[in-house]
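Understanding the architecture of this molecule
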Amino acid sequence: MVAIQSPVPGTFYTQASPEEPMFKSAGDAVAAGDTIGLVEVMKTFIEVKAEATGTFKGYVAGDGAAVTAGEVLAELED
Amino acid sequence: MPIKRLFIANRGEIAVRIIRAAQAMGIHTIQAHSEADAEMLAVRMADEAVCIGPAQAAQSYLDVVGIVKAAQATNADAVHPGYGFLAENAGFVRALDAVGIIFVGPSADTIDRMGDKVAARQAAEAAGVPVVPGSKGRLETTDDAVIVATEVGYPVMIKAAAGGGGKGIRIAENEDDLRKMAPQAQAEAKASFGDGGLYLERAIQNPRHIEVQILGDGKTAIHCFERECSMQRRRQKVWEEAGAECLDDATRTHLCDTAVSLAMAVNYVGAGTLEYLYDAETKEFYFIEMNTRIQVEHPVTEMITGIDLVQEMIRVAGGERLSHKQEDVKRTGHAIEVRLNAEDPLMQFMPFPGQVSAMTIPSGEGIRFDHFLYEGYQIPPFYDSLLGKLIVHAETRAKAVDLMITALNGLKIYGIKTTIPLHLALANDPTVRSDDFHTQWLEPWLAAGNLKT
């Protein structure tokens, strides 16, 4: 299992905007470099990217959650 | 009626600045804060503090109803809005007016008028202030935009009539560009501001950004000379100076006099700034917009004139006349301000908040640091990245740049990333030192790799 961590503290989003679908759902194939979420920090949106290939297990942090740097946002299964 | 209880509806360094100004006048200060800002410096300094909602600005610092209620509940007789948030929100001013609380700034009608680019431009033209050749009024269709562009000449800049802060600005080099961009700009303006009105003007190539500080008390207005703010990244100012060395005396006098004419024409109350584009080749300047608030870079003006702009705003809001006459406003020496942001300039300016583990602040003659930090302070990630402003004042521009290097070398903030390396590189750059830059200079300079570890 691979944990995807937040690179910065901020507010986590699982979708690009309220109208858009979630970046990933459980069971989706994930390639290294895929965007799995956004962290808003100081009015800037940072894309959170998967560093490994795997299958999306699920989000650990919810949409709109306040997160710290290094906090686990989502998990991948090998 | 002089203000006795001042409510500060802002955060960060400007809240600290306002508290210092008000406390020195013997005014009781009430600091508003979000849940995320309970530990900020302004809360610790204020005579009292009140929580106005959750971290998200929309539910705290931008919540008109909540802030008005908090100001009433704390028996405030006036509200200082700082900059950003509700500083130029006419609806907020009207909500305060309705409950008899003074807004430290101009009237709602003045904010409305100056906040609309087309109305502001018309007011400027009427007061004899030169404006960039462009549309006389709002443009509703692409065909109208093409007709105006043919008259003023390409390249042209397309903006939202209701916009601000550089958002939604497009530059069309020719008619084909314009026919593509005008509908996009219109859709974006409608989505962002609820108003699809556009305006269009000739794009001035590589201009300088020069602005004039004005103060008014409703009966008279004065200027406090100009600032040079061309050093910009993504249309955000990075480094600001007072005065603008590139102006000769005749041009400076003309520029400042026209700014006063506009301020007088609208019976301006408070501190305001008229922004201009300046073409150094032709020595022509053009009004672009007026900001009806105190600005981030106000300290450079204070350094060269000795006038406390924030105190003056508070006095005139309380009904007093300006305490300075135009002939008494003198400029001495040269001042430079750099904006310290919690960003990593070596990593595409990625925001980098965190905890300030330790810090050393430079001091000495001509050095000022306006900020909201203390050792152990956890900078929240929810707001903009401005940490503070380092300001220097010296006899000449060259000496001011040297003093900036000394001050930057003496400023240490541990635990977070800051833009100090950017400012040191700029202060050591020959083009900056020879004052030979414009608004389009910094981004190519960064792209060319001039900032290294």
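It should be emphasised that the depicted structure is a prediction, and the values quoted were computed from it without experimental measurement.

What about the overall build of chain A?
A count of helical and extended segments in chain A gives 0 helices and 8 strands. Going from the N terminus to the C terminus, chain A shows its helices and strands as β-β-β-β-β-β-β-β. Computed over its C-alpha atoms, the radius of gyration of chain A comes to 11 Å, within 12% of the 12 Å expected for a compact globule of 78 residues. Once the C-alpha set of chain A is aligned to its principal axes, its extents read approximately 35 × 30 × 20 Å. Taking all 78 residues of chain A together, the buried fraction comes to 37%. Across chain A, contacts joining residues at least 24 apart in sequence account for 58% of those joining residues at least 6 apart. Total accessible area computed for chain A in this model is approximately 3900 Å², and 50% of it derives from carbon and sulfur atoms.

A few points about the domain arrangement of chain B
Interfaces are often sized by the accessible area lost when the parts come together. On domain assignment, one finds that chain B holds domain 1 (5-104), domain 2 (133-202) and domain 3 (208-447). Inter-centroid distance (C-alpha atoms) of domain 1 of chain B to domain 2 of chain B is 36 Å.

Considerations on the sheet that holds strand 3 (residues 48-51) of chain B
All names here are of chain B. The sheet built from 5 strands is open, its strands ordered 3-2-1-4-5 with parallel pairing. Here the strands that pair on one side only, and so sit at the sheet edges, are strand 3 and strand 5 (102-103). Packed onto the sheet, helix 11 (residues 309-317) meets strand 1 (5-8), strand 4 (78-80) and strand 5 and runs at close to 150 degrees relative to strand 4.

Structural notes on the side chain of B:Ser34
Mapped onto the elements, B:Ser34 comes out in the loop between strand 2 (28-33) and helix 2 (41-45). Ignoring sequence-local partners within four residues, the contact set of B:Ser34 consists of B:Cys51, B:Ile52, B:Gly53, B:Pro54, B:Ala55, B:Ser60, B:Tyr61 and B:Tyr383.

Focus on the interface of chain A and chain B
The interface is formed by 11 residues belonging to chain A together with 11 residues belonging to chain B. Taken together, the two surfaces of chain A and chain B that pack against each other cover about 880 Å², and 77% of this comes from carbon and sulfur. Among the residues of chain A in contact with chain B, A:Pro9, A:Met42 and A:Lys43 are the three that bury the most area, contributing 57% of the side total. For the pair chain A and chain B, the interface holds 0 salt bridges. Along the contact surface separating chain A from chain B lie 1 residue pair in polar contact (both at pLDDT 80 or more). Along the lines of polarity and charge, the residues of the side of chain A that touches chain B split into 6 nonpolar, 3 polar and 2 charged.

Let's talk about helix 9 (residues 249-265) of chain B
All names here are of chain B. Look at helix 9: 24 Å from first C-alpha to last across 17 residues, which is about the 24 Å you get at 1.5 Å a residue. Residues of helix 9 that are buried: Thr251, Arg252, Leu255, Cys256, Thr258, Ala259, Val260, Leu262 and Ala263. The secondary structure elements touched by the buried residues of helix 9 are helix 5 (108-115), helix 6 (117-126), strand 9 (208-217), strand 10 (221-233), strand 12 (269-279) and strand 13 (284-291). Among the residues trailing helix 9, Asn267 stands out with phi positive, at a value near 50 degrees.

Considering the nonpolar core
Residues and elements named next belong to chain B. Counting 146 residues, the largest nonpolar core has Phe7, Trp239, Leu262, Phe287 and Leu426 as the members making the most contacts within it. Split by domain, this core shows at least three residues from each of two domains, domain 1 (5-104) and domain 3 (208-447). Contact partners of Phe7, with chain neighbours within four places excluded, come to Ile30, Ala32, Val50, Ile52, Ile67, Ala70, Ala71, Thr74, Ala76, Ala78, Val79 and His80. With 15 residues, the next largest nonpolar core counts Val146, Ile158, Leu198 and Leu200 among its residues.

Notes on the pattern of salt bridges
Pairing between side chains of opposite charge can happen when their charged atoms approach one another. Residues and elements named next belong to chain B. Evaluation of the coordinates by the stated rule reveals 39 salt bridges over all chains. Residue Glu13 pairs with Lys389 through a salt bridge whose shortest N-O separation is 2.8 Å. Highlighted residues: Glu13 in helix 1 (residues 12-24) and Lys389 in strand 19 (residues 386-394), separated in sequence by 376 residues. With a relative accessible area of 2%, Glu13 lands in the buried category.

So, the packing of helix 12 (residues 397-410) of chain B against helix 13 (residues 420-427) of chain B
Residues and elements named next belong to chain B. One can describe the packing of helix 12 onto helix 13 by two numbers: an axis separation of 10 Å at closest approach and a directional angle of 150 degrees. Relative to helix 13, the element helix 12 lies roughly antiparallel. For the crossing formed where helix 12 meets helix 13, the hand is left-handed. Touching Val401, Ile405, Leu408 and Asn409 of helix 12 are Ile420, His423, Leu424 and Ala427, all from helix 13. Here the residues of the contact of helix 12 with helix 13 sort into 6 nonpolar, 2 polar and no charged.

Looking at the packing of helix 1 of chain B against helix 11 of chain B
All names here are of chain B. Between helix 1 and helix 11, the shortest axis-to-axis distance is 9 Å and the interhelical angle comes to 60 degrees. The angle between the axes of helix 1 and helix 11 places the two elements in the oblique class. Helix 1 and helix 11 meet at a crossing whose hand is right-handed. Counting all contacts with helix 1, which are made through Arg17, Ile18, Ala21, Ala22 and Ala24, the residues of helix 11 involved are Leu309, Val310, Gln311 and Ile314.

Reading the values: the criteria
- Residues numbered from 1 in each chain as written.
- Chains lettered and ligands numbered in written order.
- Predicted model: local features only at pLDDT ≥ 70, side-chain atom pairs only at ≥ 80, totals over all residues.
- Heavy atoms only, no water.
- Helix = DSSP H or I, 4+ residues; strand = E, 2+ residues; numbered from the N terminus.
- Rg over C-alpha atoms; globule rule 2.2 N^0.38 Å.
- Buried < 20%, exposed > 50% of the residue type's maximum accessible area, 1.4 Å probe, protein only.
- Contact = heavy atoms within 4.5 Å.
- Areas by Shrake-Rupley, 256 points an atom, 1.4 Å probe, with all protein chains shown as cover.
- Domains from an automatic or database assignment.
- Pairing = 2+ DSSP bridges.
- Axes fitted to C-alpha atoms, helices over the stretch in contact; angles between N-to-C directions.
- Buried area = accessible area lost by both parts, 1.4 Å probe.
- Salt bridge = Lys/Arg side-chain N within 4 Å of Asp/Glu carboxyl O.
- Polar contact = N/O pair within 3.5 Å; in protein donor to acceptor, adjacent residues only side chain to side chain.
- Nonpolar A, V, L, I, M, F, W, Y, C, P; charged D, E, K, R; others polar.
- Expected span 1.5 Å × (residues − 1).
- Core = buried A, V, L, I, M, F, W, Y, C linked by side-chain atoms within 4.5 Å.
- Parallel < 35°, antiparallel > 145°, perpendicular 65-115°, else oblique.
- Left-handed = near helix turned anticlockwise from the far one by under 90°.

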